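Working through the structure, step by step
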Amino acid sequence: MKKMTRLELLAVLLSLKAVLEESKPEKALEIVNALIEEAKKSK
């Protein structure tokens, strides 16, 4: 898997921010966990 570009990282962070602002931390955690799993695959 290729490294994330700055634009891709910004999109992910803005998505997480929006989810957290909607008071849905469990959804934000789900997104973070999915990203962690994907990162582990790319080692």
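Computed from a predicted model, the values in this text were never measured in an experiment. (Residues numbered from 1 in each chain as written. Predicted model: local features only at pLDDT ≥ 70, side-chain atom pairs only at ≥ 80, totals over all residues. Heavy atoms only, no water.)

1. A look at helix α1 (residues 6-21)
Under the convention used in this document: Put simply, DSSP H or I for four residues or longer makes a helix, DSSP E for two residues or longer makes a strand, and each gets a number counted from the N terminus. Multiplying 1.5 Å by the helix residue count minus one yields the expected span of that helix. Buried means the residue's accessible area, taken with a 1.4 Å probe over protein chains only, is under 20% of the maximum for its type, while exposed means over 50%, and partly exposed covers the values in between. Here, the arc refers to the directions that run from the helix axis to the C-beta atoms. Whether two residues are in contact is decided by their heavy atoms, any of which lying within 4.5 Å being enough.
Its 16 residues give α1 an end-to-end C-alpha distance of 22 Å, which sits within 8% of 22 Å, the value for a rise of 1.5 Å per residue. Burial in α1 covers these residues: Val12, Leu16 and Val19. When α1 is viewed along its axis, its buried side chains cluster within an angular range of 60° and face the same direction. Exposed and facing more than 90 degrees away from the buried side of α1 are Arg6, Leu7 and Glu21. The secondary structure elements touched by the buried residues of α1 are α2 (25-41).

2. A short note on the pattern of salt bridges
Definition in use: By definition here, a salt bridge exists when the distance from a side-chain nitrogen of Lys or Arg to a carboxyl oxygen of Asp or Glu is within 4 Å.
Inspection of every chain in the model, using the stated rule, returns 4 salt bridges. Ionic pairing is found between glutamate 37 and lysine 40, a salt bridge with its closest N-O pair at 3.8 Å. With glutamate 37 and lysine 40 both in helix α2 and 3 residues apart, this pair spans about one turn of that helix. Where glutamate 38 meets lysine 41, a salt bridge forms, and the shortest distance between an N and an O atom there is 3.8 Å. Note that glutamate 38 and lysine 41 are positioned in helix α2 at a spacing of 3 residues, about one turn of the helix. The class for lysine 41 is exposed, based on a relative accessible area of 65%.

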